[in-house]
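# Secondary and tertiary structure notes
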Amino acid sequence: MLTLATRSSYRTVLDTAFLRGGDPGATAIVYLSATAEPIVITRAAFQRQVRRYAAAMTAQGVRARDLIVIAHTQNLECMVAFWGALLIDAVPSMFPTLTEKLDPQIYMNGITALVAREGVRAVFTTDDFAPLLRPLVTCAVYGTSDVPTDLFDDTPIAAPDPDAIAFLQHSSGTTGLQKGVALSHRAVLNHLAGYGDAIAITPDDVIVSWLPLYHDMGLIAGFMMPLIQGIPLVLMSPFEWVRAPAMLLRAIDAYRATLCWLPNFAYNHCARRIRERDLDGLSIASMRLFVNTSENVSDASHQLFYDRFAAIGCTRAMLSTSYGMAENVFAVSQTRAGELPRVETIDRDALEHERRAVVVAADHPRAVVRTACGTAIAGTQMRVIDRDTGALLGDRQVGEYVITSDCLLTEYYRRPDLNPIDADGWYRTGDIGYLADGCVYVSGRVKDLIINGGKNIFPGDIEAIVNEVEGVYPGRVVAFGVDDVREGTELVAVVAEVRAMQDAETLHRINADIRRIVSTRAGVTASYVQLVDDRWLIKTSSGKIARSANRDKWLRERAEAGAS
Amino acid sequence: MTESELRAALRDYITRELIRDAAYPLRDDEGIVSGGLIDSFALAELGVFVEKTFNIYIPDPDLTVATMDRLDQITARVLRDLPK
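Residues numbered from 1 in each chain as written. Chains lettered and ligands numbered in written order. Predicted model: local features only at pLDDT ≥ 70, side-chain atom pairs only at ≥ 80, totals over all residues. Heavy atoms only, no water.

### Comments concerning the interface of chain A and chain B
- Across the contact, 30 residues belong to chain A and 30 residues belong to chain B.
- In total, chain A and chain B occlude about 2700 Å² of area from one another, counting both sides; carbon and sulfur atoms represent 50% of this.
- Three residues, A:Arg243, A:Arg275 and A:His508, lead the burial of chain A against chain B; their summed loss comes to 28% of the area buried on that side.
- At the junction of chain A with chain B, the criterion picks out eight salt bridges.
- In this structure, the connection of chain A to chain B is made through 14 residue pairs in polar contact (both at pLDDT 80 or more).
- Of all the secondary-structure elements, those providing two or more residues to the side of chain A that touches chain B are helix H8 (238-243), helix H10 (264-273), helix H14 (504-522) and strand S27 (526-533) of chain A.
- Counting residues per element, the side of chain A that touches chain B draws most heavily on H14(A), at six residues.
- Considering only residue class, the side of chain A that touches chain B consists of nine nonpolar, six polar and 15 charged. (Contact = heavy atoms within 4.5 Å. Buried area = accessible area lost by both parts, 1.4 Å probe. Salt bridge = Lys/Arg side-chain N within 4 Å of Asp/Glu carboxyl O. Polar contact = N/O pair within 3.5 Å; in protein donor to acceptor, adjacent residues only side chain to side chain. Helix = DSSP H or I, 4+ residues; strand = E, 2+ residues; numbered from the N terminus. Nonpolar A, V, L, I, M, F, W, Y, C, P; charged D, E, K, R; others polar.)

As C-alpha cells, then:
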C-alpha cells in the first residue's frame, strides 16, 4: 500500500494497485443500483476496460497533456474514462452531472465557458447530451456510442513526469466561473500517503461512498484512494442515495465496509429519513470510521446519528472529523483513527467581538459548541493569521487559516491572473477559525458563502437570478444562509421586495417563480422565500444591500413571530 | 379516513414541515419538487412520515419525482395502500 514508508516507491498515480499486478481477481469496484443487481468489477476487468477506453481516446486523437472533460451521470463509464485519460497522460476532469431539476441551458453554458477558457480537447458524455452540446463548443464531443469498445486492450501505460498535472478538480460554485484546481501526480501521492497515515488505512479496509465524483471528497476519498491503495470501493449514485438513504447502511452491511466520508447533512439525512423497517437485520459494526467533512461539523449531528444507529452497531469512536479543500488535494486535518473529535463550549461574544475562543461552562448564556476537525495531516502545516495585517496569531485567536504542504495545487488551470500560493509557499484558505493544541476549529468564511448539503453557493448568484423574476424590484433582493439544526446544514433564504398591496394570487405566483428559478438555475432549493414591501431591506451607506444586517433582521422577525 | 381528510393531512405536513411555510397556498397540481418548493431529500422524509402516520411503506423506487411530485399524486399513492 501507499504509506509514508512506501511513498518513495511510487512515481505517479499510474503506480496504482489495479495496474501494478497483485491479485487480478481482487474486487476493485462494486457498483450498486436501487433497481439492478450489483456490478462487481475485478482489478483485471477494470484494467482491461481502462486500456480499451485509452485506446479509443487515442484513436480519437487525444494526446498526452490534452485536457479532457468527463460529463457523465455517475456510472462505470465515467470512472473508466477518467483512468483511460490518465493512462495516456491526458488530463481528465470530472464535471458535475446535469440533474433533472437544473436548466439544461444553464448547464451547457457552463461547459461551453469552461471549454473555451481552459482549452478543453474533448468532452466525453452521454449519448443524450452529446448532440445538444456538440454545436455549442469548439472541441470534440463524444457520446457513449462514439467510443469503440472493441479495440485491443494493449494501450501502453504512459510514464508522466511526477510534477506534471495529473487531473483537474473543478471547485463548486457558479458553473461558468469555476476554477480548475490543478493537482500533480506528486501532490496526489503525497496526500494519500499522509492521509492514509492519519486514518491508519489497511489492506482490509473497504470504502463505501455515494459521493459525486466531481467533488473533491468523492473524487479523492471515494474514487482515487481505494483504486490507488488497492482496497474495494462500493459506490452508488448520489441521486439514488438521496432518495433512499438506507442504501448506504445496506451496503455497509453487505460488503462489511469500514470507511465512509460524509458531509454533515448526511448524518441528519440518515438519522431522520431512514425508515424503521429498512434497518431490520442490518449491522454497521464493521465500520472503522465515518468521516464528517466538507461543511460545518456539528456534534449534534453526530449525536443524532449515534442515537439512531447505536442499536445496529454504531459507536462514538467511529464518528471522526476532517477539514479539507481541493487545493490541498482533499484533507488538511483529520482526527486520528480511534480518537474522538474534541468538542468545546466557547463564548459567542468573545468569538465574534474579540476574535478569541474562550472556553465557558455549557450553561453559559452565550455558549456555542464547536467541534474540532482533528490536527493537520502529515506533510501539511497550518497557521492562523490576521485577515487584515497578515500577522501570525496565537492559539485560540480567531483569524484566517493558511496552509503549506507537500500536496498543494500546482495552479488554477489557465488562470495566470490568480496566484493561489504566496512566495513563501502558503495558501490562504478563505476559512476562518482558530487552532487550540493543534486542533482545527472552523467557524466561518471570509466571503459570504452558503454551504448547503456540501455544495458551495454564492449568495450574489442567487440574488442575480431572483432579480429576473417579474414583480420583484430589481436589485432589491438579498440571499443568505440560515443554520438549520434539523437538517444539519445551511439552508438558503431569499428576501425580495415587491410592490405593496398586491393580490394573493400575484404574490403566490412571484413566490413560486422565485423558488422555481432558483432551483432550475442554481440547482439548489430556496427553503425560505419571503416577499416584503419596499423599504424593508437594509442598505449600506453606499446603497448596497447589507447581507448580514438583513439576515439578522430576518432572523429577529422570525423569532418574534414565534416561527421555528 | 376520507380522501379529502387524507389530502388535508398531507397538505398540512408538506407545507408546514417540508416547504416550511404553513401559509403557502399549495395547489393540488403544483410541482412540489419540480417547482423547487422542496428538494429530493424531502421525498425520503415524506416516506418516513407516511410510514409513521399511516403505517404505509412506499418502496424506494416509488419515492421519485416522477411519482410523487404533486399533492394529487401523493394522495392517490397513499390512498391506494390505506386500509379501506
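### Description of the domain arrangement of chain A
Residues and elements named next belong to chain A.
- Split by domain assignment, chain A resolves into domain 1 (7-236) and domain 2 (450-563).
- The C-alpha-based centres of domain 1 and domain 2 are spaced at 37 Å.
- Taken over both partners, the interface formed by domain 1 and domain 2 buries close to 720 Å², and the fraction arising from carbon and sulfur atoms is 43%.
- Our count for the domain 1 to domain 2 interface comes out at zero salt bridges.
- At the boundary of domain 1 and domain 2, one finds two residue pairs in polar contact (both at pLDDT 80 or more).
- Tallied by class, the residues present in the side of domain 1 that touches domain 2 amount to two nonpolar, four polar and two charged. (Domains from an automatic or database assignment.)

### Focus on the packing of helix H1 (residues 3-18) of chain B against helix H3 (residues 71-81) of chain B
All names here are of chain B.
- For the pair H1 and H3, the least separation of the axes is 10 Å and the interaxial angle reads 125 degrees. Considering their axes alone, H1 and H3 lie oblique with respect to each other. As H1 packs across H3, the resulting crossing turns out to be right-handed. Here Glu3, Leu6, Arg7, Leu10, Arg11 and Ile14 of H1 come into contact with H3, specifically with Leu71, Asp72, Ile74, Thr75, Val78 and Leu79. (Axes fitted to C-alpha atoms, helices over the stretch in contact; angles between N-to-C directions. Parallel < 35°, antiparallel > 145°, perpendicular 65-115°, else oblique. Left-handed = near helix turned anticlockwise from the far one by under 90°.)

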